[in-house]
Amino acid sequence: MNSIIIAVIVLGGIAFVAAIVLYVCSKRFAVFEDPRIAQVNSLLPGANCGGCGFAGCKAMSEALVKESDKGSIENLSCPVGGTKVMSQVADLLGITVANGDPQVAVVRCDGTCTNRPRTSQYVGLRSCAAMNTCGSGETACGFGCLGCGDCVDACQFDAIHMNVETGLPVVDETKCIACGACSKLCPRHIIELRAKGPKNRRIYVSCVNRDKGAIAMKACKSACIGCGKCAKECKFEAITVEGNLSYIDFKKCRLCKKCVAVCPTKAIMAVNFPTPKNVEEKKEVEA
Amino acid sequence: MKIKTFSIGGIHPEENKLTHEVPTQVAPLPTQAIFPLSQHIGAPAKPVVKKGDQVKVGTLIAEAGGFVSAPIYSSVSGTVSKIDAAIDATGYRKPAIFINVEGDEWESSIDRSNNLELVRNHPELTPDEIIERIKNSGITGMGGAGFPTFIKLSPPPNTKPECVIINAVECEPYITADYRLMLEHSDEILIGLELLMKAAKVKRGFIGIETNKPAAIELFTHKCADVFDTTEYQVEVVPLQQRYPQGGEKQLVDAVIGRQVPAPPAIPVNVGAIVQNVGTVYAVYEAVMKRKPLFERYTTVTGKQLSKPTNYLVRMGTPIQLLIDLCGGMPEDDNKVLAGGPMMGKALISTEVPICKGTNAVTILSGDEARRQTPQPCIRCAKCVAVCPMGLEPYLLAKLSAHRDWEHAEHDGITSCIECGSCQFTCPAHRPILDNIRLGKSSVMNIIKLRQTK
């Protein structure tokens, strides 16, 4: 009986001392965390995709709170949540946010198997990054898509797939959240984030080849040859030609499609435009 | 006596030295020579000629573009036709100087006489003068990597060179250019070695030769005894076991003087050795004694299917296609053409690529030889670990690279990899180990560079 009492007293004493030590420590070494970080974090989608440029949503919320204290979160954006989430975050933090255009990943290469014939065979590791270290890959174009699908592996949202017939990646617009993971990983930098455009319509140069016209044409039928016809045709100064390559600024482009018509190699893509009726009818008549 | 070799790892691929007994031939001049501006590690050279300029053999056409860079000299006489992009060994179009060949007129400053001036101690030349002449001649390491030679001779402070080691190992299968050069120009090489020892202010020299070149070992042993007997220099010929990659700088230092070079950024001179390829030594002789800049080199053109594999003395800028034609033309098969040997060579996408300072061989492999087998899962047999001459764990590094785990890859020493390919060669599951490591190594190097600039 006596030993039980001693045990209870000793253990109780130790517990009491430990409790005091714990209490003192928790007060003394407490780390203050801004409660807004947790609130912002609960608004973010929790995809941890890294599209915002941070390691995950927690890091992004910390950055948002820190930047909001400085007065602006305009250089931060959550591609998954988009404008909706960002405006909620801005409301919570009590600042306004400029609504950016929604973006989508665009593959700037039209080197399909028919446009760009295979010239050699690569036998090493099937990875674009590895193939990129061995010259122009399996075609004569040293700039275009290598076709091993590093971008497909990079996409966490199942939004990009290889088209077996063309050998090029295709972006699913409904799934793409413009996190930019594919664009960062592409060793040839052919994937670009561009504004989705009104009604998802957009015009872009589907080529990144900077070789001189003759060499580019030899490698790929639909290469941009830097002839500058599109730039001359454009009335809105949206097109610049630099280093044998044309580029369309999507902020200035008014989607008039004039450049598409004059491009001699059909390197300029206009997507999601309705097909003109008379053309369709003509085709039917010809068929 | 036990024949020396490096202490860990290594493989022994089939030798295939088809051109061992084939004397060197002088390759004819091309109709057009192409000089890529980046033939060396470091900044590309800057052109000093323009379209329409007349040049002679040995005329400076591009000057060094930075500290780690080397000038380029014309190997032909004629007219500069254009400065334009041309495919080089990397497979990409890069700026190059094109020269249309007219005649064969040499700069008058170059001494073309054949008399061998055996000047001992070279009293008229100070070490700095020797280094200056090497620098101005555009000499880069002729073994393949293309590191400007003069930098090796001006070692960083707090290092003290003790010896010069000539790399005459030639451990890659097929290649025999260095071997033929040694047999045909042994006296010049010894003078070159003496110049190098004088420039580096050391008294000891070694010549490392693999035992599959007995004629060269014998020749050099005799010559060294004759030539260096009465001088202050001590030169020793070191026969080495046949083992790949013995020609790797660090492996050679280990094999010859038994010292291990620490992990990068350490270089052989940190343990007191300056390693120079035998072709470089010959180029040093020509540059210093004959005032002849680097514009031609010994190259082996080889392959089991070629009808006449041969060693050539070839002017730089000569398209590889011309050499293949000289050897009986491209065999009819789905061939793989490599600039370099089968272990470290780079596959070419075009045979119009010119011979550059670092092209020690052109190897043509048939489709069957070059084809890879389907990779199987790794069974952790650790064969790659056993053969890695750097004591790394290739299977692990490859896995870390594939998962883009750069932090651990760096910790596990991925930057020490010398890309010899022993791991991939030996892997029974045919896994693309080196492909993955190479990717990881370049990524990790970039990360380190970024960290250092911050």
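Keep in mind that what you see is a predicted model, and the values were worked out from it rather than measured. (Residues numbered from 1 in each chain as written. Chains lettered and ligands numbered in written order. Predicted model: local features only at pLDDT ≥ 70, side-chain atom pairs only at ≥ 80, totals over all residues. Heavy atoms only, no water.)

## Quick notes on the environment of Cys227 of chain A
Link 1 in the chain: Assignment of secondary structure puts Cys227 of chain A in the loop between helix 8 (213-219) and helix 9 (229-233).
Link 2 in the chain: The spatial distance from the C-alpha of Cys227 of chain A to the C-alpha of Ala178 of chain A is 31 Å, given a sequence separation of 49 residues. (Helix = DSSP H or I, 4+ residues; strand = E, 2+ residues; numbered from the N terminus.)

## A look at the packing of aromatic side chains
Residues and elements named next belong to chain B.
Link 1 in the chain: Evaluated as defined, the whole model comprises 4 aromatic pairs over all chains.
Link 2 in the chain: The interplanar angle of 75 degrees and the centroid separation of 5.4 Å between the aromatic rings of Trp106 and Phe295 together place this pair among those described as edge-to-face. Residue Trp106 is located in the loop between strand 8 (93-101) and helix 1 (127-136), and its partner Phe295 is located in the loop between helix 7 (278-290) and strand 13 (296-302); the two are separated by 189 residues in the primary sequence.
Link 3 in the chain: Taking relative accessible area as the criterion, Trp106 reaches 14% and is therefore assigned buried.
Link 4 in the chain: Judged by relative accessible area, Phe295 falls into the buried class, the value being 1%.
Link 5 in the chain: The interplanar angle of 25 degrees and the centroid separation of 6.4 Å between the aromatic rings of Tyr282 and Tyr285 together place this pair among those described as stacked. Remark: Tyr285 and Tyr282 occur in helix 7; sequence separation between them is 3 residues, near one turn of the helix. Of the two residues, Tyr282 and Tyr285, neither departs from the other in class, the shared state being buried.
Link 6 in the chain: An aromatic cluster is defined as three or more aromatic residues linked by ring pairs; in this entry it consists of Tyr282, Tyr285 and Tyr298.
Link 7 in the chain: When the ring centre of Phe98 is taken as reference, the NZ or CZ atom of Lys82 above it lies at 4.7 Å.
Link 8 in the chain: Stacked on the ring of Trp106, the Lys or Arg Arg112 has its end atom at 3.8 Å from the ring centre. (Phe/Tyr/Trp six-rings, centres within 6.5 Å; stacked < 30°, edge-to-face > 60°. Buried < 20%, exposed > 50% of the residue type's maximum accessible area, 1.4 Å probe, protein only. Lys NZ or Arg CZ within 6 Å of the ring centre and 35° of its normal.)

## A closer look at helix 3 (residues 57-70) of chain A
Side chains three or four residues apart in an α-helix point the same way, a direct result of the helix having 3.6 residues per turn.
Residue and element names in this part refer to chain A.
Link 1 in the chain: Between the first and last C-alpha of helix 3 there are 20 Å, a value that for 14 residues agrees with the 20 Å anticipated at 1.5 Å per step.
Link 2 in the chain: Taken together, the buried positions of helix 3 are occupied by Cys57, Met60, Ser61, Ala63, Leu64, Val65 and Ser68.
Link 3 in the chain: Looking at the buried side of helix 3, the elements it contacts are helix 2 (35-43) and helix 4 (82-93). (Expected span 1.5 Å × (residues − 1). Contact = heavy atoms within 4.5 Å.)

## Points about unusual backbone geometry
Link 1 in the chain: In this chain, Tyr244 of chain B is followed by Pro245 of chain B through a cis amide linkage whose omega measures 0 degrees.
Link 2 in the chain: Along the chain, Pro245 of chain B falls in the loop between strand 11 (234-240) and helix 6 (249-257).
Link 3 in the chain: Phi is positive for Asn244 of chain A, close to 60 degrees, though the residue is something other than glycine.
Link 4 in the chain: In this structure, Arg404 of chain B is a non-glycine residue whose phi angle is positive, near 55 degrees.
Link 5 in the chain: Relative to the assigned elements, Arg404 of chain B resides in the loop between helix 11 (394-402) and helix 12 (406-411).

## Side note on the environment of Met86 of chain A
All names here are of chain A.
Link 1 in the chain: Relative to the assigned elements, Met86 resides in helix 4.
Link 2 in the chain: On the basis of relative accessibility, which here comes to 5%, the residue Met86 falls in the buried class.
Link 3 in the chain: Put simply, Met86 and Asn163 are 77 residues apart on the chain and 34 Å apart in space, counted from C-alpha to C-alpha.

## Some words on the pattern of salt bridges
Link 1 in the chain: Under the counting rule described, the total for this entry stands at 30 salt bridges over all chains.
Link 2 in the chain: The closest approach of N and O atoms between Glu192 of chain A and Arg194 of chain A, which form a salt bridge, is 3.4 Å. A single burial state applies to Glu192 of chain A and to Arg194 of chain A, both of which are buried.
Link 3 in the chain: Bridged by salt links that share partners, the residues Asp104, Glu286, Lys292, Glu296 and Arg315 of chain B form one connected network. (Salt bridge = Lys/Arg side-chain N within 4 Å of Asp/Glu carboxyl O.)

## Digging into a nonpolar patch on the surface
Link 1 in the chain: A cluster of nonpolar side chains, Phe16, Val17, Ile20, Val21, Tyr23 and Val24 of chain A, forms an exposed patch at the surface whose accessible area comes to about 610 Å².
Link 2 in the chain: Inspection of the secondary structure assignment puts Val21 of chain A in helix 1 (residues 2-28). (Patch = residues over 30% accessible without salt bridge, like charges linked within 9 Å, V, L, I, M, F, W, Y side chains within 5 Å. Areas by Shrake-Rupley, 256 points an atom, 1.4 Å probe, with all protein chains shown as cover.)

## Regarding the pairing of strand 14 (residues 310-315) of chain B
Residue and element names in this part refer to chain B.
Link 1 in the chain: For strand 14, the buried fraction is high: 6 of the 6 residues fall into the buried class.
Link 2 in the chain: For strand 1 (residues 25-26) and strand 14, the ladder comprises 2 bridges, and the chain directions are parallel. Residue pairing in the sheet places Gln25 in a bridge with Tyr312 of strand 14. (Pairing = 2+ DSSP bridges.)

## Topic: the interface of chain A and chain B
Where interface size is quoted, it is often the accessible area lost as the parts come together.
Link 1 in the chain: With 18 residues of chain A at the contact, the number on the chain B side is 15 residues.
Link 2 in the chain: Carbon and sulfur atoms make up 56% of the surface buried where chain A meets chain B, a total of about 1,300 Å² over both sides.
Link 3 in the chain: When the buried surface of chain A facing chain B is broken down by residue, Val123, Leu125 and Ile215 of chain A rank first, second and third, together holding 35% of it.
Link 4 in the chain: At the boundary of chain A and chain B, one finds 2 salt bridges.
Link 5 in the chain: The shortest N-O distance in the salt bridge between Lys212 of chain A and Asp84 of chain B comes to 3.4 Å. (Buried area = accessible area lost by both parts, 1.4 Å probe.)

## Quick look at the packing of helix 4 (residues 186-199) of chain B against helix 7 of chain B
Residues and elements named next belong to chain B.
Link 1 in the chain: Viewed as axis vectors pointing N to C, helix 4 and helix 7 meet at an angle of 80 degrees, and their least axial separation amounts to 8 Å. Accordingly, the angle class assigned to the pair helix 4 and helix 7 is roughly perpendicular. Of helix 7, the residues touching helix 4 (which contributes Glu188, Ile189, Ile191, Gly192, Leu193, Leu195 and Leu196) are Val278, Val281, Tyr282, Val284, Tyr285, Val288 and Met289.
Link 2 in the chain: Residues belonging to the contact of helix 4 with helix 7 are distributed by class as follows: 12 nonpolar, 1 polar and 1 charged. (Axes fitted to C-alpha atoms, helices over the stretch in contact; angles between N-to-C directions. Parallel < 35°, antiparallel > 145°, perpendicular 65-115°, else oblique. Nonpolar A, V, L, I, M, F, W, Y, C, P; charged D, E, K, R; others polar.)

## Side note on the side chain of Glu170 of chain B
Residue and element names in this part refer to chain B.
Link 1 in the chain: Residue position: Glu170 is located in the loop between strand 9 (163-168) and helix 3 (177-184).
Link 2 in the chain: Notably, Glu170 is buried but unbridged: the nearest opposite-charge side chain belongs to Lys17, and the N-O separation is 4.4 Å.
Link 3 in the chain: Among the polar contacts made by the side chain of Glu170, one reaches the main-chain amide nitrogen of Ala177 at a distance of 3.4 Å.
Link 4 in the chain: Residues in contact with Glu170, not counting those within four places in the same chain, are Lys17, Ile175, Thr176, Ala177, Asp178, Tyr179, Glu210 and Lys213. (Lys, Arg positive; Asp, Glu negative; His and termini not counted. Polar contact = N/O pair within 3.5 Å; in protein donor to acceptor, adjacent residues only side chain to side chain.)

## Points about the environment of Asn115 of chain A
Residues and elements named next belong to chain A.
Link 1 in the chain: Along the chain, the position of Asn115 falls in the loop between strand 1 (103-107) and helix 5 (128-132).
Link 2 in the chain: Counting along the chain gives 51 residues from Asn115 to Thr166, while the straight-line C-alpha distance between them is 9.1 Å.
Link 3 in the chain: Here Asp110 takes part through its backbone oxygen, which lies 3.0 Å from a polar atom of the side chain of Asn115.

## Here's the deal with the confidence of the model for chain B
Link 1 in the chain: A residue-level look at chain B finds 98% of positions with pLDDT of 70 or above and a mean pLDDT of 90.
Link 2 in the chain: We note a pTM of 0.83 for the whole complex and an ipTM of 0.83 for its interfaces. (pLDDT = per-residue confidence, 0-100.)

## Some remarks on a negative patch on the surface
Link 1 in the chain: Residues Glu124, Asp128, Glu129 and Glu132 of chain B make up a contiguous surface patch of negative charge.
Link 2 in the chain: Mapping Asp128 of chain B onto the fold places it in helix 1. (Charge placed at Lys NZ, Arg CZ, Asp CG, Glu CD.)

## Observations regarding the packing of helix 1 of chain B against helix 4 of chain B
All names here are of chain B.
Link 1 in the chain: The geometry of helix 1 relative to helix 4 is characterised by a closest axis approach of 8 Å and an angle of 120 degrees between their N-to-C directions. Taken together, the axis directions place helix 1 and helix 4 in an arrangement best described as oblique. In this structure, helix 1 meets helix 4 at a crossing whose hand is left-handed. Of the residues in helix 4, those touching helix 1 at Pro127, Ile130, Ile131 and Ile134 are Leu195, Leu196, Lys198 and Ala199.
Link 2 in the chain: Among the residues forming the contact of helix 1 with helix 4, the class breakdown is 7 nonpolar, no polar and 1 charged. (Left-handed = near helix turned anticlockwise from the far one by under 90°.)

## Some thoughts on the sheet that holds strand 13 of chain B
Residue and element names in this part refer to chain B.
Link 1 in the chain: Strand order in the open sheet formed by 6 strands is 1-14-13-17-15-16, and the pairing between neighbours is mixed. The open sheet has two edge strands with one neighbour each: strand 1 and strand 16 (346-347).
Link 2 in the chain: Examined bridge by bridge, strand 13 and strand 17 (residues 361-365) share 3 bridges and lie parallel to one another. Residue pairing across strands places Val301 opposite Val362, the latter belonging to strand 17.
Link 3 in the chain: Contacts between helix 3 and the sheet are confined to strand 13 and strand 14, with strand 13 contributing the most and set at about 125 degrees to the helix.

## Let's talk about the confidence of the model for chain A
Link 1 in the chain: Taken over all residues, the pLDDT of chain A has a mean of 86, while the share at 70 or more is 94%.
Link 2 in the chain: Per-element averaging of pLDDT across chain A places helix 11 (residues 277-286) of chain A at the bottom with 57 and helix 1 of chain A at the top with 95.

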